[in-house]
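The chain contents come next:
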Amino acid sequence: MIKELLAPAGDVEAGYAALYYGADAVYLGLQKFSARATATNFDEPHLNEFVAFAHSLTPRRRVYAAINTVVQESELDDLISVLEICKRCQVDGVIVQDLGVAKIVRDYYPELELHASTQMAVHNKDGALALQKFGFKRVVVARELTQPEIAEIADIPNLDVEAFVHGALCYSYSGLCLFSSLETGKSANRGKCLYPCRALFKGESGEKHYFSMKDMALAEDVLKMPAYSLKIEGRKKSALYVAAVTDFYRRLLDSGKADKMRAQNIKQIFSRPWCEFHFRGRDKNVIDRDFVGHRGLEIGTVLQADARKIVFEPSHRIARHDGLQLDVKGDEKPFGFALLKMRVNGKNVFEAKAGEKVEVGLPPKAPNIQKGDKVYLASASEVKGAYPYTKPKPGEFRLRKGVAVKVVINADDIEAKAAGRKVRISGKWDKAQNPDKVEAAVRQAFAKTGDTPFEVVKLELQNDGNWFVPVSVLNNLRREMFKAWEPEDAPVPEIKQPQVREKHSAQWIIKTDKPQMLQKINLDEAAEVVVYMGEDFDFEALKALPKNKVRLALPAVCRRKGKMAELITAALQAGYKKWEVDNYWGIAALPDKGVDLSLGRSIYMLNTQAIAAAKEWGASRVALSVEDTLENWQKLAEVASLPVVLTVYEKVPLFISAGCIRDNPCKGCDRKRKWMMLQREGRQYQVLSENCQTMVFDERPLCVAKEAAGIAADFYQAVFMFADYTPDEVAQIWQQLRKFDDVSGEVMKGNTLSNRVF
């Protein structure tokens, strides 16, 4: 199967570099709604030129726009403006996370192909099938998947699968990370992540970077990738990096072999240590606990060291002004410096060859470097100049509308006709001495389209009298023609303003993974009891609950579908018809009819269009996002087309990860529940490791009881999940929340705080 090599472009230069070095397609962001909000991104003029250039190449290259953040209700007009730019600039597809964005694209912009972002956390076949049914033509699968898992999704007919093959990794499943948002107000789902996963934490193994991921680099295993589109991460990387990585994979795909020298070049531009993540199966060696940031190409270890110099034998050529870095024990970041002085055999040299023993001078106040410390080539002048690329001149390419023009020259006027319109200029013309020159002049005049959005693709000249028309008249006729034919903008879609709903009396829901914790709750006070169904679910626990109030909740992540399918079948046969899903896979896993479906908070509902999409799926209600703002909660509660659930209390998982935090080897691990504690800057975090999945919680629960009193939700929800509450604690908290009182102790308020910019 022919593969698509998909390269990133955080700016125009990176885009042209990607095309020059063989990318079949480029993905990029615009000025708003990009999950890489801090990248330069593209404005409309640059996007227009870039798409025009990409489409002019042979074979034609594709351009995808990432509109992959969640969108609040007040931002829908801005969203339409961005989609209009995509339409005008003829991008080949849009990559989206928000279900409301997807609905708008599907309903109003059919020319834009819908791609499901990796932020939608598609990690099994059912998730992909659900999105395909909604109108998606492509899914970008979760980075965590193994080769067989990707292959199963790739077997779905008429659905393109896109998978990452190189670049940075997130500790959490993309789209399921709330750490940066709830702790700082900078949401990963809004493109503003502050990367708390890279921070230093104190834990069982000391002070480590427990969540700092290595970089993915499939290298030759990319040839085994069953996905159609092979995606390189890096919209915040330089054009040099994009050029080097694209070149490496282009040559690998074309030749079937990885080029060692070009792989080394990438590491000298930017690289954390490389891994294949879980492509070959679950792998624990994917986290770089000791150091963070760019490391470079490992070229040796220190043989001798003092305060002024180090001695080592490089495995790669080094030259003066290259950048070196060393792993220094006790420092979380490598120590880097420019190589300004080095000696070989007692002589000052400009460069040293691989294998030569070299003495390198250290800068003043260098740290305490020890024998055995690793040495990296972090940057090299040789590599910086190794990836030149060409690009078109500004204005050389532009997307234009093709028109067919007929020019008629009569004795006393000249006319230009196109698309049912006509422009006429009167005049008296002389006979032409050379009719061929008249035709050439007409064609030359009408080829000058300038800044207009037109391109004359066909020109017919009728000059029966062989008249001569001055060039100045021809140019004036062309200008008047283009002025008369200014394209009429298609009507911009108007999203229907939702109507304020009638007042309603709110009810309370309680959710748990351990029904025995509810022993001291008067369940008459709860409209529903939502019970979490994990892989180890025990139906016996349901017997103590009134069946008519039970709603079973499926997990956000389901990697062992067979086990969950058995549980779902058993529950349906037992007569449980009410279900909550926290990921798109649950929609396809449940019957189309005969069930009462609600959507959990991990399927983001931040606008009325997303809620309308949920209604199309047959949902009876939706949950508001725990990372949303008070203002948006209130708006949606007033106008939503479905009943809404507001989570008032929950110990929210900040991360849901396939990265194992345990120190023990996988072989022989019992995979049973294990709690650990981490500390960072005086804050305590609780870590739950179970069934090869890790979840991280702040010691403080999210509690917005006081704020919820002003939100006209249909349901208020208290969640008691994962943590081990006693029945007395649950009963006490439940009674406080129902009075709209915050629980005692320190709590998180998420983005309800007035100083947060979500």
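See the structure printed just above.
These lines cover the structure that appears in this document, whether it is placed above or below. (Residues numbered from 1 in each chain as written. Predicted model: local features only at pLDDT ≥ 70, side-chain atom pairs only at ≥ 80, totals over all residues. Heavy atoms only, no water.)

### Details of the overall build of the protein
For the protein, the helix and strand inventory stands at 18 helices and 42 strands. In terms of overall dimensions, the protein has a C-alpha envelope of 105 × 85 × 45 Å along the principal axes. Per-residue burial over the protein gives 57% buried out of 758 residues. Considering only contacts in the protein between residues 6 or more positions apart, those separated by 24 or more positions represent 70%. Total accessible area on the protein is roughly 32200 Å²; 48% of this is exposed by carbon and sulfur atoms. Across the protein, the 109 positively charged side chains and the 100 negatively charged ones have centroids separated by 3 Å. (Helix = DSSP H or I, 4+ residues; strand = E, 2+ residues; numbered from the N terminus. Buried < 20%, exposed > 50% of the residue type's maximum accessible area, 1.4 Å probe, protein only. Contact = heavy atoms within 4.5 Å. Areas by Shrake-Rupley, 256 points an atom, 1.4 Å probe, with all protein chains shown as cover. Lys, Arg positive; Asp, Glu negative; His and termini not counted. Charge placed at Lys NZ, Arg CZ, Asp CG, Glu CD.)

### Quick word on the sheet that holds strand 13 (residues 297-301)
Read across the open sheet, the four strands follow the order 13-23-17-18; overall the sheet is antiparallel. At either margin of the open sheet sits one strand with a lone partner, and together these are strand 13 and strand 18 (335-338). Taking each pair of neighbouring strands and ignoring which way they run, the sheet shows an average axis angle of 30°. Of the strand pairs in this sheet, strand 17 (residues 323-326) and strand 18 are connected by four bridges, and their pairing is antiparallel. Paired with Leu-324 across the two strands is Phe-337, which belongs to strand 18. In the packing of helix 9 (residues 260-269) onto the sheet, the strands contacted are strand 13 and strand 23 (374-379), and the crossing angle to strand 23 comes to about 85°. (Pairing = 2+ DSSP bridges. Axes fitted to C-alpha atoms, helices over the stretch in contact; angles between N-to-C directions.)

### Concerning unusual backbone geometry
Here the bond from Thr-58 into Pro-59 is cis, since omega is -5°, no more than 30 degrees from zero. Note on placement: Pro-59 falls in the loop between helix 2 (44-56) and strand 3 (62-67).

### Let's talk about the layout of surface pockets
What the largest pocket holds in volume is close to 970 Å³. Considering the residues around the largest pocket, the lining is formed by 48 residues, among which Tyr-532, Gly-534, Glu-535, Pro-555 and Phe-722 are closest to the centre. Looking at the lining of the largest pocket, the elements that each hand over two or more residues are strand 37 (653-657), strand 39 (683-690), strand 40 (693-698) and strand 42 (715-720). Residue composition of the lining of the largest pocket, grouped by class: 24 nonpolar, eight polar and 16 charged. Lining the second largest pocket are 41 residues, with Arg-36, Ala-168, Cys-170, Tyr-195 and Glu-233 positioned closest to its centre. Split by residue class, the lining of the second largest pocket holds 20 nonpolar, 11 polar and 10 charged. (1 Å grid on protein atoms, 1.4 Å probe; cavity = no way out; pocket = protein on both sides within 12 Å on 5 of 7 lines; lining within 4 Å. Points joined across faces, edges and corners; volume = space filled by probe spheres on them. Nonpolar A, V, L, I, M, F, W, Y, C, P; charged D, E, K, R; others polar.)

### Structural notes on the environment of Pro-498
One can find Pro-498 in the loop between helix 12 (471-484) and strand 30 (507-512). As for Pro-498 and Ala-640, which are separated by 142 residues in sequence, their C-alpha atoms are 7.4 Å apart. For Pro-498, the contacting residues outside a window of four places in its chain are Glu-73, Thr-608 and Val-639.

### Some remarks on helix 2
Counted at 1.5 Å a residue, the expected span for helix 2 with its 13 residues is 18 Å, and the 18 Å between its end C-alpha atoms agrees. Among all positions of helix 2, only Leu-47, Asn-48, Phe-50, Val-51, Ala-52, Phe-53, Ala-54 and His-55 are buried. Turning to helix 2, the residues buried within the fold contact helix 1 (12-20), strand 2 (25-29), strand 3 and helix 3 (76-88). (Expected span 1.5 Å × (residues − 1).)

### A look at the pairing of strand 23
Bridge analysis of strand 13 against strand 23 gives four bridges, and the strand direction is antiparallel. Each bridged residue has a counterpart across the sheet, and for Thr-301 the counterpart in strand 23 is Lys-374.

### Some points on empty space enclosed by the protein
Following the criterion strictly, the structure yields four cavities of 30 Å³ or more and no others. The space that makes up the largest cavity amounts to roughly 80 Å³. Across the lining of the largest cavity, the residue classes break down as six nonpolar, five polar and one charged.

### Details of the environment of Val-407
Position of Val-407 relative to the elements: it lies in strand 24 (residues 401-409). Take Val-407: its relative accessible area is 0%, and that puts it in the buried class. For the pair formed by Val-407 and Ser-271, sequence separation is 136 residues and the distance between their alpha carbons is 60 Å. Contact partners of Val-407, with chain neighbours within four places excluded, come to Ile-414, Glu-415, Val-442, Phe-446, Glu-460, Leu-461 and Gln-462.

### Concerning the packing of aromatic side chains
Inspection of the entire model under this criterion finds 30 aromatic pairs. Every member of this aromatic cluster is reached through a ring pair, and the members are Tyr-171, Phe-179, Phe-201, Phe-211, Phe-655 and Tyr-685. One cation-aromatic arrangement involves Arg-106 over Phe-134; the distance from NZ or CZ to the ring centre is 4.4 Å. Here the guanidinium or amino end of Lys-267 rests over the ring plane of Trp-274, the centre of that ring lying 4.6 Å away. (Phe/Tyr/Trp six-rings, centres within 6.5 Å; stacked < 30°, edge-to-face > 60°. Lys NZ or Arg CZ within 6 Å of the ring centre and 35° of its normal.)

### So, the pairing of strand 25 (residues 413-418)
Across the six residues that make up strand 25, a large majority, five, are buried. Pairing of strand 24 with strand 25 involves four bridges; the strand directions are antiparallel. For Lys-406, the partnering residue across the bridge sits in strand 25 and is Lys-417. Linking strand 24 back to strand 25 in an antiparallel pair, the connection comprises three residues. Relative to strand 26 (residues 421-426), strand 25 runs antiparallel, the two sharing six bridges. Looking across to strand 26, one finds that Ala-416 is bridged to Val-423.

### Details of the environment of Val-383
With respect to the secondary-structure elements, Val-383 resides in helix 10 (residues 381-384). Once the C-alpha coordinates of Val-383 and Leu-688 are considered, the two residues, 305 residues apart in sequence, prove to be 44 Å apart. Excluding residues that lie within four positions of it along the chain, Val-383 makes contacts with Leu-240, Asn-265, Gln-268 and Ile-269.

### Digging into the pattern of salt bridges
Taken as a whole and judged by the stated rule, the model has 65 salt bridges. Two residues, Glu-149 and Arg-559, come together in a salt bridge whose shortest N-O distance is 2.9 Å. Pair noted here: Glu-149 is in helix 6 (residues 147-154) and Arg-559 is in the loop between strand 32 (550-553) and helix 13 (561-573), with a separation of 410 residues, a long-range link. Residue classification places Glu-149 among the buried residues on the basis of a relative accessible area of 17%. Between Glu-580 and Lys-511 there is a salt bridge; the shortest N-O distance is 2.6 Å. Residue Glu-580 is located in strand 33 (residues 578-581), and its partner Lys-511 is located in strand 30; the two are separated by 69 residues in the primary sequence. (Salt bridge = Lys/Arg side-chain N within 4 Å of Asp/Glu carboxyl O.)

### With respect to the side chain of Arg-478
Along the chain, the position of Arg-478 falls in helix 12. Glu-480 provides the closest opposite charge to the buried, salt-bridge-free Arg-478, at an N-O distance of 10 Å. A polar atom in the side chain of Arg-478 sits 2.8 Å from the backbone oxygen of Ala-445. Those residues in contact with Arg-478, other than ones at most four positions away along the chain, are Ala-445, Phe-446 and Lys-448. (Polar contact = N/O pair within 3.5 Å; in protein donor to acceptor, adjacent residues only side chain to side chain.)

These figures capture arrangement, not role.
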